[in-house]
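Residue-level structural notes
What follows is the residue order along each chain.
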Amino acid sequence: GITPLSGEVIVDYTYRTKGVQQRATVDYDMHDLRALTWDDTRKAAAMVTPADSNLQNFTSFARQATRDDTVGVIPQALQNAMIVFYALKDMGIIYQRDPVIPFDEAQASPTIVDAITLPRNTLQRTTGECDDLTVLYASLLESIAVETGFIATPGHLYNMFNTGVPIENRALVHPDPEMT
């Protein structure tokens, strides 16, 4: 939400050896912790919460459930990313466009204040817009020590993560160099 607040800015300084004080009253809106503007995509990283115990429990359960299904030649980070992805899919997590401020509209105007749902809430709701789902996936991967990042394109936000595959072996991930 938005909380309208008032405050006072007080500046004390010295001007020509004399102490001076100036005061100004300011009115401002304080937004909740989920609010951000999309003038810098890196702000979304503030919503990544890998230490959240709900997320850690989810990844732990998913990894335990698939511990006998691992493939030795695939790096652990890539396997973990696949496990988390399919666990979210099996849970029924789906994309749902934000009816109030869709991501593409918020991204197009850096003055629009958007909100990202906290990852634990997205997991509980099982729906979210691209920014919500991207932050959820990054949080889950980070909770199991897989490095993540974001790629922004007009109207969409995507995850990227460190597969653990050296660049010279990138064909193990995907044969198309544009995909890795």
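The sections below set out a description of the structure shown in this document. (Residues numbered from 1 in each chain as written. Predicted model: local features only at pLDDT ≥ 70, side-chain atom pairs only at ≥ 80, totals over all residues. Heavy atoms only, no water.)

1. Things to note about the overall build of the chain
Note the cut-off: Only DSSP runs of H or I with at least four residues qualify as helices, and only runs of E with at least two residues qualify as strands; both kinds are numbered from the N terminus onward. Computation of the radius of gyration draws on C-alpha atoms alone. For the globule rule, the value is 2.2 Å times the number of residues to the power 0.38. The contact rule is simple, with two residues in contact once any of their heavy atoms fall within 4.5 Å.
A count of helical and extended segments in the chain gives five helices and eight strands. Reading the helices (α) and strands (β) of the chain from amino to carboxyl end gives β-β-β-α-α-β-α-β-α-β-α-β-β. Relative to its length of 180 residues, the chain is extended, with a C-alpha radius of gyration of 22 Å against a globular reference of 16 Å. Within the chain, contacts between residues at least 6 apart in sequence are counted, and of these 58% link residues at least 24 apart.

2. Points about the packing of helix 2 (residues 76-91) against helix 5 (residues 130-143)
Let me state the cut-off plainly: Note on method: axes are straight lines fitted to C-alpha atoms, helices fitted across the in-contact stretch only, with angles between N-to-C directions ranging 0 to 180 degrees. The labels follow the angle: roughly parallel below 35 degrees, roughly antiparallel above 145, roughly perpendicular from 65 to 115, and oblique for the rest. Left-handed describes a crossing whose near helix is turned anticlockwise from the far helix through less than a right angle; right-handed describes the clockwise counterpart. Residues are grouped as follows: nonpolar covers Ala, Val, Leu, Ile, Met, Phe, Trp, Tyr, Cys and Pro; charged covers Asp, Glu, Lys and Arg; every other residue, Gly included, is treated as polar.
Between helix 2 and helix 5, whose axes approach to 10 Å, the crossing angle comes to 135°. Between helix 2 and helix 5, the angle falls in the class oblique. Like other packed secondary-structure pairs, helix 2 and helix 5 cross with a definite hand, here right-handed. Contacts between helix 2 and helix 5 involve Asn80, Ala81, Val84, Phe85 and Leu88 from the former and Leu136, Tyr137, Leu140 and Leu141 from the latter. Counted by class, the contact of helix 2 with helix 5 contains eight nonpolar, one polar and no charged residues.

3. A short note on the packing of helix 1 (residues 53-65) against helix 2
Where helix 1 contacts helix 2, the axes come no closer than 9 Å and their chain directions differ by 105°. When the axis of helix 1 is compared with that of helix 2, the two are roughly perpendicular. Across the interface between the two elements, Phe58, Thr59, Ala62 and Arg63 from helix 1 touch Gln76, Asn80, Ile83, Val84, Ala87, Leu88 and Met91 from helix 2. Looking at the contact of helix 1 with helix 2 residue by residue, the class counts come to seven nonpolar, three polar and one charged.

4. Observations regarding the pattern of salt bridges
The condition that has to hold: Salt bridge criterion: a side-chain nitrogen from Lys or Arg within 4 Å of a carboxyl oxygen from Asp or Glu. Partly exposed describes any residue whose relative accessible area lies between the buried limit of under 20% and the exposed limit of over 50%, with all areas from a 1.4 Å probe on protein chains only and scaled to the type maximum.
One pass over the structure, following the stated rule, counts seven salt bridges. The salt bridge partner of Asp40 is Arg42, with a shortest N-O separation of 3.0 Å. Given the relative accessible area of 26%, Asp40 is considered partly exposed. The class for Arg42 is exposed, based on a relative accessible area of 65%. One salt bridge in this structure joins Asp104 and Arg97, with 3.4 Å as the shortest N-O distance. Connected through salt bridges with shared partners, the residues Arg97, Asp104 and Glu105 form a single ionic network.

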